[in-house]
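# Close look at the chain arrangement
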Amino acid sequence: MGRGELTDRAWAAIEPLLPVSGRGRRWRDHRQVINAILWKLRTGAPWRDLPERYGPWKTAHERLRTWTADGTWQRILDRVIVKDDSVGELEWIVSVDSSVVRAHQHAAGARKKGGCAARVGALAVDGEGLGRSRGGLTTKIHLAVDGRGLPMRILITPGQAGDNPQLLPLLDGIRVARVGPGHPRVRPDAVIADKAYSHKSTRQALRTRRIAFTCPERTDQIAHRAALGSRGGRPPAFDTERYKQRNVVERCFNRLKQFRGLATRYAKRAAYYQAELTIAAIILWLR
């Protein structure tokens, strides 16, 4: 086993979740191909520089594309996510935040129309998650993590997109399988976020879902409420001790960006970059 490759324990966890070979020629060994993809993410090198021990680079790229199209990576992540109940009935807290990554010049051509196979075109989305922010083409990663700083849901948008509109979609995508029978758990006990998510509609939506929301108010919102006097109402509740736990999402971003292929976006298609982030999230859980 080389550096950054799947351990025996990690492989034993995901092997039953992988598709089996269908009719026709057998697929190349799944473990070898996944290790090839991990090498690409860890180094950020071009596919053509893939070492010979991982087999043909086209095979690894095709497997990445196939399992992205059929949702295999997301299904694996949903299965490896578990809630930490090691110390009795713990409060399930989710922290959210975003981070901007710069797109490499190789990804800049993704927004051009045409010039791709039909199978690739089926994965295309408007704008391909690329936008102008901070002086160049960027992509913004929206992340939700649990109390241990492990990723539970990842979304990407163009770099100039706001944070607050992605909060509810992040929460809607969380699925935590129960130990016994029953539907997956989808509603955390509390959500922690920074000032970028401070919005009246967001607080109301989480209140309707019976989710405690710990988020400081922006200065302009405080001033507006003060200007209204008694009509401004009371300030929202804010748990200072709970807010101290928000740093776990920042630490998760640091761990994700240790994969050089994620710290800079090289993938042209948004679907591929989303899949690469999902693969990295799976590895963090399996560690």
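Let us look at the structure shown here. Predicted model, so just to flag it, every value in this text is computed and none were measured. Starting afresh in each chain, residues are numbered from 1 along the sequence in its written order. Note on the predicted model: pLDDT of at least 70 is required for a residue's local features to be given, and 80 or more for side-chain atom pairs to be given and counted; whole-chain, interface and lining totals, by contrast, use all residues. Remark: hydrogens and water are excluded; side-chain values derive from all non-hydrogen atoms of the structure.

What follows deals with the packing of helix α3 (residues 57-69) against helix α12 (residues 270-286). Remark: α3 packs on α12, axes separated minimally by 10 Å, with the N-to-C direction vectors making an angle of 95 degrees. Comparing their axes, α12 and α3 come out roughly perpendicular. Taken together, the residues of α12 that come into contact with α3 (itself represented by Leu64, Arg65 and Thr68) are Ala271, Tyr272, Ala275, Glu276 and Ile279. Basically, the charged four are Asp, Glu, Lys and Arg, the nonpolar ten are Ala, Val, Leu, Ile, Met, Phe, Trp, Tyr, Cys and Pro, and anything else, Gly included, counts as polar. Broken down by class, the residue content of the contact of α3 with α12 amounts to five nonpolar, one polar and two charged. Working convention: axes come from line fits to C-alpha atoms, limited for helices to the stretch in contact. Angles between N-to-C directions cover 0 to 180 degrees. The secondary structure listing takes helices from DSSP runs of H or I that are at least 4 residues long and strands from runs of E that are at least 2 residues long, numbered from the N terminus. An angle counts as roughly parallel when it lies under 35 degrees, as roughly antiparallel when it exceeds 145, as roughly perpendicular when it falls between 65 and 115, and as oblique in every other case. Whether two residues are in contact is decided by their heavy atoms: any pair within 4.5 Å suffices.

Any helix carries an expected span of 1.5 Å times its number of residues minus one. Between its first and last C-alpha, helix α2 (residues 30-43) extends 20 Å over 14 residues, near the 20 Å set by a 1.5 Å rise per residue. Burial classes follow relative accessibility: with a 1.4 Å probe on protein chains only, a residue under 20% of its type's maximum area counts as buried, one over 50% as exposed, and anything between as partly exposed. The buried fraction of α2 amounts to twelve of the 14 residues, a majority that puts the element mostly inside the structure. All buried positions along α2 are accounted for by His30, Arg31, Gln32, Val33, Ile34, Asn35, Ala36, Ile37, Leu38, Trp39, Lys40 and Leu41. In this structure, the buried side of α2 is in contact with α1 (8-14), α3, α4 (72-80), α11 (260-263) and α12.

This part takes up the packing of aromatic side chains. Two aromatic rings from Phe, Tyr or Trp, using only the six-membered ring of Trp, form a pair when their centres are within 6.5 Å; if the ring planes differ by under 30 degrees the pair is stacked, by over 60 it is edge-to-face, and anything between is tilted. Counted by the stated rule, this structure contains three aromatic pairs. Each ring, one from Phe238 and one from Tyr243, has its centre 5.3 Å from the other, and the planes form 50 degrees; the classification is tilted. Here Phe238 falls in the partly exposed class, since its relative accessible area comes to 37%. The partly exposed category is assigned to Tyr243, whose relative accessible area is 21%. By way of ring pairs, the aromatic residues Trp27, Trp67 and Trp73 are connected into one cluster. The ring of Trp67 carries Arg63 above its face, with NZ or CZ at 5.7 Å from the centroid. Charge-over-ring contacts are defined here by two conditions on Lys NZ or Arg CZ: a distance within 6 Å of the ring centre and an angle within 35 degrees of the ring normal.

In this section: the nonpolar core. In globular proteins that are soluble, nonpolar side chains generally tend to be buried together. Grouped together as the largest cluster of nonpolar side chains are 70 residues, with contacts concentrated most on Ile34, Trp73 and Val96. Counting residues per element, this core draws most heavily on α12, at 13 residues. For Ile34, the residues in contact, after removing those within four places along its chain, are Leu6, Trp11, Ile14, Leu18, Trp67 and Trp73. Side-chain atoms within 4.5 Å are what join buried Ala, Val, Leu, Ile, Met, Phe, Trp, Tyr and Cys residues into a set we call a nonpolar core.

Turning our eyes to something else, we now look at the pairing of strand β1 (residues 93-103). Judged by how many residues are buried, β1 sits mostly within the fold: nine of eleven residues are covered. Summarising the sheet, β1 and strand β5 (residues 190-192) pair through three bridges and their orientation is parallel. Of the residues in β5, the one forming a bridge with Ile93 is Ala190. Pairing geometry for β1 and strand β3 (residues 136-145), over eight bridges, is antiparallel. Paired with Val101 across the bridge in β3 is Thr139. Strand pairing requires that DSSP identify at least two bridges connecting the strands. Examined bridge by bridge, β1 and strand β7 (residues 264-265) share two bridges and lie parallel to one another. The residue of β7 that forms the bridge with Arg102 is Thr264.

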